[in-house]
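Each chain is listed here by its residues.
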Amino acid sequence: MTDSSGHAGTGVTPDPGGAAKPEKRPAGRRLSWLRVTGSVGPVGIGVAVLWLSVIVLLPLAALTVSSFEDGWAGFWDAVTAPAALDSLKVTIGVSVIVAVINVLMGTLIAWVLVRDEFPGKGIVNALIDLPFALPTIVASIVLLSLYGPNSPIDIHLNASQPGLVVALAFVTLPFVVRSVQPVLIEVDKEVEQAALSLGASNWITFRRIVLPTLTPAIISGGGLAFARAIGEYGSVVLIGGNIPRETQMTSQYIQQQIEVDRPVNAAAVSVALLVISFVSLLVLRLLAERSARKEEAAR
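All of these numbers come straight from a predicted model, not from anything done at the bench. (Residues numbered from 1 in each chain as written. Predicted model: local features only at pLDDT ≥ 70, side-chain atom pairs only at ≥ 80, totals over all residues. Heavy atoms only, no water.)

**Q** Could you give an account of helix α9 (residues 202–230), with specific residues and numbers?
**A** The end-to-end C-alpha distance of α9, which contains 29 residues, comes to just 36 Å, noticeably less than the 42 Å that a straight helix rising 1.5 Å per residue would cover. Most pronounced at L211, the bend in α9 amounts to some 55°, and the proline P212 follows within four residues. (Helix = DSSP H or I, 4+ residues; strand = E, 2+ residues; numbered from the N terminus. Expected span 1.5 Å × (residues − 1). Bend = angle between axes of the 7 residues up to and from the residue.)

Set out below in structure tokens:
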């Protein structure tokens, strides 16, 4: 086969000087197995998976194996022991209350930080992240000093479930605020102004226009707050009192089982707590995605 200039189709391109140069292979003809979605390439993905396995998957696998050292019957007996069930009831009940409170107050705080201007706004915005940086045991000491037996304001919450709620609300507040805040910044204010100009009240505008957009972020932040509260230990260790069936959190019960040399029981209850956190996060993530799809379909 020859081309229009009389040269045979040999896969080389002649230049004016007579030297033949090999044709460049089109990008589409590269080996498909080398193409990886993203910018880090196969090496980056491999490193990420390896790190995730070492830090998360292997410890969880080791914990699960330890929890079944006495077989399924031993695992079930450890999880369904009366003291374990009582601690789970206290933990889940308090965590649900904390998540609801943070959903309401966290959304309000995010709204104030985004929509309002006031002196010291930057300081308040920085204080939101303080629970992330502050050791939780310090929070427990501070709360005990403020609401303990020697409370300077005569409010005594130590060794009570309201004390647990206050402690957990403190350490989980940033999750909702930081989830809602960036979404609220991106909300189109022109749509809100149009609704107000048509006679809609502030509440109607918020409920019909703003809230559907914020719902996925609110659900996500509330789920993270709940999951954090489920496994919290440091902030409740002092103010909670660790009273069985009243203020004993599951994390404290696990610590107690380790102290009395029952590591298998501690591992079993830890796995149960892990499953509860994972399922709650999964359900809330599915709800958030469903809400986001509805919002996109409505646009």
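**Q** So what's going on with the nonpolar core? Which residues, and what values?
**A** It is characteristic of soluble globular proteins that their nonpolar side chains tend to be buried jointly. V94, V98, L164, L168, V236 and M249 are the most contacted members of the largest nonpolar core, which has 16 residues in total. Looking at this core, the elements with two or more residues in it are α3 (82–115), α6 (136–147) and α7 (161–186). Among the elements that make up this core, the one with the highest residue count is α7 (6 residues). Among residues more than four places away in sequence, those in contact with V94 are Q161, L164, V165 and L168. (Core = buried A, V, L, I, M, F, W, Y, C linked by side-chain atoms within 4.5 Å. Buried < 20%, exposed > 50% of the residue type's maximum accessible area, 1.4 Å probe, protein only. Contact = heavy atoms within 4.5 Å.)

**Q** Just give me the short version of the packing of α6 against α7, but keep the residues and values in it.
**A** Contact geometry for α6 and α7: axes closest at 10 Å, N-to-C directions at 135°. In terms of their interaxial angle, α6 and α7 are classed as oblique. At the point where α6 passes α7, the crossing takes the right-handed sense. For the pair formed by α6 and α7, the contact residues are T136, A139, L143 and Y147 on the first element and V166, A167, F170 and V171 on the second. Class assignment of the residues belonging to the contact of α6 with α7 gives a composition of 7 nonpolar, 1 polar and no charged. (Axes fitted to C-alpha atoms, helices over the stretch in contact; angles between N-to-C directions. Parallel < 35°, antiparallel > 145°, perpendicular 65-115°, else oblique. Left-handed = near helix turned anticlockwise from the far one by under 90°. Nonpolar A, V, L, I, M, F, W, Y, C, P; charged D, E, K, R; others polar.)

**Q** So, the layout of surface pockets: which residues are in play, and what are the values?
**A** Its boundaries defined by the atoms lining it, the second largest pocket holds a volume of some 170 Å³. In terms of lining, the second largest pocket is formed by S220, L224, F278, L281, L282, L284, R285 and A288. Secondary-structure elements contributing two or more residues to the lining of the second largest pocket are α9 and α11 (263–298). For the lining of the second largest pocket, the per-class residue count stands at 6 nonpolar, 1 polar and 1 charged. (1 Å grid on protein atoms, 1.4 Å probe; cavity = no way out; pocket = protein on both sides within 12 Å on 5 of 7 lines; lining within 4 Å. Points joined across faces, edges and corners; volume = space filled by probe spheres on them.)

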